[in-house]
Amino acid sequence: MLKWIIIRSKKKWREFLKKMGKFLHSNYVMGTENMEILKVVIADDEVRICQLIQALIDWDSMGMKVVGVAHNGEEACEMVRQTQPDILITDIRMPGCSGLELVKRVKELDSALEVIIISGYAHFEYAQQAISYGVGHYLLKPVNKGELTATLQKLQKKIGERKESELNHQELVNKAKRDDDHLRANLIDRLLDQPDMPVSQDTLTSIYHLKARQGVYQAFCVKVDYGRKIISGGRMDGITGLAGAREISSTSSEILMEKVREVLERNLKKDSRELILLIRDDYCYGILNYPESEKESIRRSMKSSLTQMEIQKNMFQHVSFSMAVGAAYKEAEHLADSMQEARKLIQERLVKGDGRVLDCMGKASEIQESELLKKYLRDITHAVEISSIQNAAEAVDDLQDTVNKAKEIRGSEIFELVYAAADIFAASIRIPERTATVEEFRKQCDKCGKIEEIFSCLRDFQQKYIQEQAERYENDTIRPVRKAKEYIQNHFSDPLTLEEVSEMVGLSTAYFSVLFKKTEGEGFAKYLINVRMEQAKLLLRESNLPVTEICKRVGYNDPKHFTHTFEKAAGVKPSTYRKLYG
């Protein structure tokens, strides 16, 4: 976005140009050259030589920075260790530690460090020895600006090419790792969506690059629940008491799920173990391969992971965590079985509570689901027929009461009961695209971590569609009555009949008569008389037409009958009304 800057004085203009000059210079060094600043250390026991080297070069324009100056070998070696420079410029002879020894030591610290040695003619043999240590650049005293500049430029190019090569290599390494991670995550995807998929140890090794070891295979999953707002204990109170899903942004959800991944990797990943993780919505699925002797250690690590996840409650309110663990199998062929066990076990959080490692299925209940659903079908059918949200909520209350009173019941049984009830309701109320709608409802239920929450979800589902049905029925009722009223207003002077108007709106005479009275609070005949009488009053007040003519204009052929009807409606005869109000 462009911004206009208005400068009203020469002084400010000069300051502006100065700042812009620095900005452009900085961008040239850092941006145009696309080269990071290279760090340089200068080492020479003669102070004036160090000063000369510093003064000869415009370091900023070269994209370099002198980060340290040392006057003996020991000092220089420590400076290299601390500042980790890209280039070292050193004299070949220095007290304490010679330049030759310095080169040897710094190369051990960082073999990629580029070294420029400075030597006099008399010590050229030392320079040759330094070259044997991998030093490819040397300058003879006195140091020449052009030669030093050219050498630095060569090193700048060399370092740039090396770093670019390292980046490219690292990118290839990272890409290979990402490809492996994606391939392994795809294994979990397939185990979830294709539970009958054949798996073998060879498949895990050759296709999914899993470093499968002798031991056991085990699947697990972590579920994050955000809860639902429950009012009045989850029960309906008139049309209040609705439960609403708690909202959490997609960004917050991603952050939380990544934190779950970090905790699992930190606690479960060891040299002796192979770990694969996949985040899908509010679940984190995992596969472990580890020595059988570590089974107890794995369980402790899982409990520890769950405890560490609980800390996130300080940042994310109303969040809860549960973990389910499938059985450990020695054969890779049973990995899919372990994954399906974990998926079913995680539903046990409904009855056993969150914050637990679930590894044991509860007992099956003695509840007769078919009988429960038959009663629900009767109750919900009646509620739909009369468009009663209250009656529909009471049908859910009965289901919930039965579940709450059950001595033994599995979480999966509760989910399936609610899913079946939602499907029955959808069929009763004839929801368009029923299959897709019920599937979306299942996804909403999957976010519930408590019994009251999942039944609250069913109440919400019912209310939404019963309310829509009631509004639709109301519109269907109002539309024909409104059309009939418009017709009466336009044809009141004609000999209108109930049958004629009923036919015009497309309804039977009997149904239209009941509908009209229910909507308007008065029958068709009385409404027609009132419209005619109001029009007669208007003509009596605002025209000089004879009463007999007004009688005809408002749909009456018999003046006596008109007069009698008018007097009954207005309290006075038409002629008297005209005298009073005309």
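Everything numeric here is computed off the predicted structure, so don't read it as measured data. (Residues numbered from 1 in each chain as written. Predicted model: local features only at pLDDT ≥ 70, side-chain atom pairs only at ≥ 80, totals over all residues. Heavy atoms only, no water.)

(A) Spotlight on the overall build of the protein. Looking only at helices and strands, one finds 23 helices and 12 strands in the protein. Each of the 582 residues in the protein was classed as buried or not, and the buried ones make up 41%. Excluding contacts between residues fewer than 6 apart, the proportion of contacts in the protein whose partners are at least 24 apart in sequence is 68%. Summing over all exposed atoms, the protein offers an accessible surface of approximately 32,700 Å²; the carbon and sulfur share of this is 50%. (Helix = DSSP H or I, 4+ residues; strand = E, 2+ residues; numbered from the N terminus. Buried < 20%, exposed > 50% of the residue type's maximum accessible area, 1.4 Å probe, protein only. Contact = heavy atoms within 4.5 Å. Areas by Shrake-Rupley, 256 points an atom, 1.4 Å probe, with all protein chains shown as cover.)

(B) Spotlight on the confidence of the model for the protein. Across the protein, the average pLDDT comes to 84, with 86% of residues at 70 or higher. Taken together, the stretch residues 23–34 has pLDDT below 50 and engages in 12 contacts with residues farther than four places along the chain or on a different chain. Low pLDDT, under 50, characterises residues 230–245; the predicted model gives this stretch 37 contacts beyond four residues in sequence or across chains. (pLDDT = per-residue confidence, 0-100.)

(C) Spotlight on the sheet that holds strand 3 (residues 87–91). Pairing in this open sheet of five strands is parallel, and the strands run 2-1-3-4-5 from one edge to the other. The open sheet has two edge strands, strand 2 (64–70) and strand 5 (137–140), and neither has a second partner. Each neighbouring strand pair of the sheet contributes to a mean axis angle of 20 degrees, computed without reference to strand direction. The pairing of strand 3 with strand 4 (residues 114–119) spans five bridges and is classified as parallel. When the bridges of strand 4 are listed, Asp-91 appears paired with Ile-118. Relative to strand 2, helix 2 (residues 47–56) is tilted by about 175 degrees, and along the sheet it contacts strand 1 (38–43), strand 2, strand 3 and strand 4. (Pairing = 2+ DSSP bridges. Axes fitted to C-alpha atoms, helices over the stretch in contact; angles between N-to-C directions.)

(D) Quick look at the nonpolar core. Phe-425, Phe-441, Ile-454, Phe-455 and Leu-458 are the most contacted members of the largest nonpolar core, which has 37 residues in total. Elements that contribute at least two residues to this core include exactly helix 13 (369–385), helix 14 (389–405), helix 15 (411–429), helix 16 (434–445) and helix 17 (451–491). The biggest single contributor to this core is helix 15, with 10 residues. Aside from chain neighbours lying at most four places away, what touches Phe-441 is Val-418, Tyr-419, Ala-422, Cys-457, Leu-458 and Phe-461. (Core = buried A, V, L, I, M, F, W, Y, C linked by side-chain atoms within 4.5 Å.)

(E) Summary view of unusual backbone geometry. The amide bond that connects Lys-141 to the next residue, Pro-142, takes the cis arrangement and shows omega of -5 degrees. Within the chain, Gln-84 stands out as a residue other than glycine whose phi angle is a positive 50 degrees. Structurally, Gln-84 can be placed in the loop between helix 4 (73–83) and strand 3. Here the phi dihedral of Asp-281 falls at roughly 55 degrees; this positive angle occurs in a residue that is not glycine. Assignment of secondary structure puts Asp-281 in the loop between strand 9 (274–280) and strand 10 (283–290). Under the relative-accessibility criterion, Asp-281 is labelled exposed at 64%.

(F) Looking closely at the pattern of salt bridges. Inspection of the entire model under this criterion finds 29 salt bridges. With a shortest N-O distance of 2.5 Å, Arg-280 and Asp-189 are connected by a salt bridge. Of this pair, Arg-280 sits in strand 9 while Asp-189 sits in helix 7 (residues 145–193), and the two are 91 residues apart along the sequence. According to the relative accessible area criterion, Arg-280 is partly exposed, its value standing at 23%. Connected through salt bridges with shared partners, the residues Asp-44, Glu-46, Arg-48, Asp-91 and Lys-141 form a single ionic network. (Salt bridge = Lys/Arg side-chain N within 4 Å of Asp/Glu carboxyl O.)

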